[in-house]
Amino acid sequence: MVMSSLRSWGHLCLLLAVVAVAAPPVHGEDGYRLWLRYDRISDAEKLQVYRKAFSSLHVAGSTATLNVARRELRRGLEGLLDTDVPSVQAPQSHTILVGTPAQSDRIAELGLDGALNRIGPEGFVLRSMTVDGHPQTVIAANQEIGALYGVFRLLKRLQTHASVQDLDVADAPNVEHRVLNHWDNLDRTVERGYAGFSIWDWWKLPEYKKQRYTDYARANASLGINGTVLTNVNADATVLRPRYIEKVAALAEVFRPYGIQVYLTARFSAPQEIGGLETSDPLNPKVRQWWQDKVDEIYEKIPDFGGFLVKANSEGQPGPQDFGRSHAEGANMLAEALAPHDGMVMWRAFVYSNEVPEDRAKQAYNEFTPLDGEFRDNVMVQVKNGPIDFQPREPFHPLFGAMPETPLMMEFQITKEYLGFETHLVYLGPLFEEVLGADTYAKGEGSTVATVVDGSLHDYEFTGMAGVSNIGTSRDWSGSHFNQANWYVFGKLAWDPHAGAEPIAREWIRRTFTNDTTFIQPVTEMMMASRQAAVNYMTPLGLHHMMGADHHYGPAPWIDVEDVGREDWTSVYYHRADSAGIGFDRSTSGSNAVSQYYPPVKEKFDNLDSIPDKYLLWFHHLPWDYQMDSGRTLWNELVYRYNAGVDTVQWMQEEWARLEGMIDDQRYSQTETMLEIQEQEAKWWRNACLQYFQTFSQRPIPDRYPKPPHSLEHYKSLEFPYAPGI
Ligand code: GCW
């Protein structure tokens, strides 16, 4: 008995040993670590080189931010190099020396003044130097936050197996305010959130500060994000009550060492709602006093409070126009209260009304351009990337370039409200890059949106970029592994709006998955193709706003006034399909929205010979038999595009299948499943839209394409009462 059980025990051990040896070296990953994965470097040669180059570290000073920098460096090096990298009192050979001249004479004496003078408060110098005969790697900055950014930069080099010899890097952000916008409500639901609930556990704050808050700050700092608006733009005045200000202060305290300022959304009617006043008129002295007192109260608890983000007179939100005042008068009142504390106002330009008898795409421009020059110095006007609403594709917003006297802040949406929620693999880098790279011609050729956003075009330093967050309580933060890339690319482009989406994708893949080029190459291609795929299977050729009403899930090109009560929330308002053709005529003979663009952009969009296909039906209503450059008729082109979108998703599935085994099963199979959902939904979009448009075009779907398997009635009857994000 004893012998036989010993033998089975032996067998079991042997079996386990075999399994252990045979198992792939990868292990399960739940995504919590994001791109900050510091596992032992797999390339033995690189490991040798890095170990030799970095044998100790010396972070000069022990302020909160420098302590974070030291911890990060140790954690990173010890993980990546899989060896002890001690903190030393006196730098030796191969020490990493980190600090600011103000904190450390050692740094001050390195002769880096010239470089430091060029990098501002948040930049850093990363340089290989010989100090007292010792080869060292120096990370120097004017302020501690720059040192932390430099630490992340060095660790990134190791994560991506880059060279660390002869380093001579100096970098600084091109945009001053790099801010996440959380559309998080105080009850922890998240408007347009697809990654669980809000990570702010308001109820337990201020006492209980979750580890996740620190991890959030760390992830953002690794990208250079330096601000966060904690609350939904559809605002709740409650957050301005004393009890909540304490809670906000607790979060601010966690974020401070990471260089992240907190902001709140200000509900314009707060003086009435929580202040007991009879009006919120921005010109009323009592109202002004109320805001000043409120702002002073906030700064007493949060000395580095960033300021307010405001959605006013838009989609039912209160605002200055309720009292006959302009957006500038409203913004300036808040700005005046914030100015003594160095706080700012981010005033959104996302305004439109169904009572204004004008193309919705034109309304923000019409409303804001006359106010150019009227805003106080500490106001930025925050403009969505396109004139409608974060659609899969829109031309750039014509306000960019059109308000030379007003700093304009870019607003991108990272959460994929209109691009497949959390499930679809859609990398937003190409969308962001397309918008930033668009030439407004405001001051002639080269006046790209990026030059407006970075302040260089109109010569101002007060600049910003906002991204509507895709972060929630989901273990992987963003609802899927690939959605993390959208947070990542936003952060990188906010730092440098001239950077490219593709290199950022590669870098993200290396840090998140592997440095194996046989994985990086196809996955980069998938990511780069994914946005156009979504455009194709949802809203090709400049179509827009055809999603389900309210929850915005799935196709619903049939939505009309009877469904939603107002024209500008329908689908039919935007595609205008009829027996003659399809598209919104915004040309000079239509709504004339094209004229909001500078020449020659205006002419380019106005003219059928020069307008790119991607914006065709945004600006023109065209007959079904209109001849496309491809040689196809418009109807056939539409059919072709919808199918191409599905094809690309299927290609992505095939590519992904070839990569099985190259990464851990957990992330592999999540992605595989998400792609299956995406394929199903891409087909659903194609089938429902073609079935619907066919009722107008009265033309057949060419034989080589699949026919919609269901009737139009079937697609129309689908309901999604618990769709997330509302
Ligand atoms: O895209 C729309 C969303 C709303 C959002 C609004 C906005 C926060 O559907 O949920 O409200 O834009 O940006 O204000």
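For the structure itself, look to the data block above.
Residues numbered from 1 in each chain as written. Predicted model: local features only at pLDDT ≥ 70, side-chain atom pairs only at ≥ 80, totals over all residues. Heavy atoms only, no water.

Time to look at the overall build of the protein chain. Secondary structure assignment for the protein chain yields 24 helices and 15 strands. For 726 residues, the compact-globule estimate of 2.2 N^0.38 gives 27 Å, and the C-alpha radius of gyration of the protein chain, at 27 Å, lies within 12% of that figure. Its C-alpha atoms give the protein chain principal-axis dimensions of roughly 75 × 75 × 55 Å. The buried share of the protein chain, reckoned over its 726 residues, is 60%. Pairs at least 24 residues apart make up 72% of the contacts formed inside the protein chain by residues separated by at least 6 positions. Surface accessibility of the protein chain: about 27,600 Å² in total, with carbon and sulfur atoms responsible for 49%. Averaging the locations of the 66 positively and 95 negatively charged side chains of the protein chain gives two centres separated by 5 Å. (Helix = DSSP H or I, 4+ residues; strand = E, 2+ residues; numbered from the N terminus. Rg over C-alpha atoms; globule rule 2.2 N^0.38 Å. Buried < 20%, exposed > 50% of the residue type's maximum accessible area, 1.4 Å probe, protein only. Contact = heavy atoms within 4.5 Å. Areas by Shrake-Rupley, 256 points an atom, 1.4 Å probe, with all protein chains shown as cover. Lys, Arg positive; Asp, Glu negative; His and termini not counted. Charge placed at Lys NZ, Arg CZ, Asp CG, Glu CD.)

Looking now at unusual backbone geometry. Cis rather than trans, the peptide bond between Leu-205 and Pro-206 has omega equal to 5°. As for its placement among the helices and strands, Pro-206 is situated in the loop between strand E6 (177-181) and helix H7 (211-223). The linkage connecting Pro-599 with the following residue, Pro-600, adopts the cis geometry, with an omega of 0°. Summarising the element assignment, Pro-600 is placed in the loop between strand E14 (581-582) and helix H20 (601-606). One non-glycine residue, Asp-82, adopts positive backbone phi at about 55°. Mapping Asp-82 onto the fold places it in the loop between helix H3 (64-81) and strand E2 (95-99). Phi angles above zero are rare outside glycine, and Asp-342 is one such case at about 65°. Take Asp-342: it is sitting in the loop between helix H11 (327-338) and strand E10 (344-348).

Turning next to the site of the ligand. Around the ligand, 15 residues are found, and the nearest of them are Glu-191, Lys-311, Lys-384, Asp-389 and Glu-417. Asp-389 places a side-chain nitrogen or oxygen 2.6 Å from an oxygen atom of the ligand. A distance of 3.0 Å is found between an oxygen atom of the ligand and a side-chain nitrogen or oxygen belonging to Tyr-418. Protein burial of the ligand: of its 340 Å² of free accessible surface, 97% is covered by the chains. Partitioning the shell around the ligand into residue classes produces four nonpolar, three polar and eight charged. (Near = heavy atom within 4 Å. Polar contact = N/O pair within 3.5 Å; in protein donor to acceptor, adjacent residues only side chain to side chain. Nonpolar A, V, L, I, M, F, W, Y, C, P; charged D, E, K, R; others polar.)

What follows is about the pairing of strand E3 (residues 124-131). Direction of pairing for E3 relative to strand E5 (residues 168-171): antiparallel, over a ladder of four bridges. Bridging from a neighbouring strand, Val-125 pairs with Ala-170 of E5. Across seven bridges, the pairing between E3 and strand E4 (residues 134-140) is antiparallel. For Arg-127, the partnering residue across the bridge sits in E4 and is Val-138. (Pairing = 2+ DSSP bridges.)

This structure, assessed with the given rule, holds 44 salt bridges. One salt bridge connects Arg-658 with Glu-655, and the closest N-O pair in it is separated by 3.0 Å. Linking Arg-658 with Glu-655, this pair stays in helix H22 (residues 634-658), spanning three residues, or about one helical turn. One salt-bridge network, held together by shared partners, links Glu-29, Arg-33, Arg-37 and Asp-39. (Salt bridge = Lys/Arg side-chain N within 4 Å of Asp/Glu carboxyl O.)

On the surface, Glu-660, Asp-665, Glu-672 and Glu-676 cluster together to form a negatively charged patch. Tracing the chain through its elements places Glu-672 in helix H23 (residues 665-697). By relative accessible area, Glu-672 is classed as partly exposed at 32%. (Patch = residues over 30% accessible without salt bridge, like charges linked within 9 Å, V, L, I, M, F, W, Y side chains within 5 Å.)

With that settled, the discussion passes to the nonpolar core. Counting 223 residues, the largest nonpolar core has Phe-255, Phe-308 and Phe-693 as its most contacted members. Of the residues forming this core, the biggest block, ten residues, is contributed by H23. Excluding residues within four positions of it along the chain, Phe-693 makes contact with Leu-543, Met-546, Pro-557, His-575, Ala-577, Ile-582, Trp-624, Trp-635, Leu-638 and Tyr-642. Formed by twelve residues, the second largest nonpolar core is a distinct cluster that contains Leu-110, Leu-116, Ile-119 and Met-129. (Core = buried A, V, L, I, M, F, W, Y, C linked by side-chain atoms within 4.5 Å.)

With that out of the way, let us pick up the sheet that holds E5. Pairing is mixed in the open sheet, where five strands are placed in the order E1-E2-E4-E3-E5. Each having just a single partner strand, strand E1 (56-59) and E5 make up the two edges of the open sheet. On average, each strand axis in the sheet is inclined to that of its neighbour by 20°, with strand direction left out of account. Judged from the four bridges that link them, E2 and E4 form a sheet pairing that is parallel. Residue Leu-97 lies in a different strand from E4, and its bridge partner there is Val-138. Sheet strands in contact with H3 are E1 and E2, and its direction is about 170° off that of E1. (Axes fitted to C-alpha atoms, helices over the stretch in contact; angles between N-to-C directions.)

Another aspect to go through is the sheet that holds E10. Strand order in the closed barrel formed by eight strands is E6-E7-E8-E9-E10-E11-E12-E13, and the pairing between neighbours is parallel. Geometrically, the sheet is characterised by an average inter-axis angle of 25° between neighbouring strands, direction not taken into account. Strand direction decides the pairing type here: strand E11 (residues 379-384) and strand E12 (residues 408-413), joined by four bridges, are parallel. Across the sheet, the residue bridging to Gln-382 is Met-409, located in E12. Strands in contact with helix H13 (residues 429-437) are E12 and strand E13 (464-468); relative to E12, the strand with the most contacts, it is inclined by about 155°.

Now for the environment of Lys-602. Examined against the element boundaries, Lys-602 turns out to sit in helix H20. In this structure, the C-alpha to C-alpha distance between Lys-602 and Met-409, residues 193 residues apart in sequence, is 23 Å. Once residues within four sequence positions are removed from consideration, Lys-602 is found in contact with Thr-588, Val-594, Ser-595 and Tyr-597.

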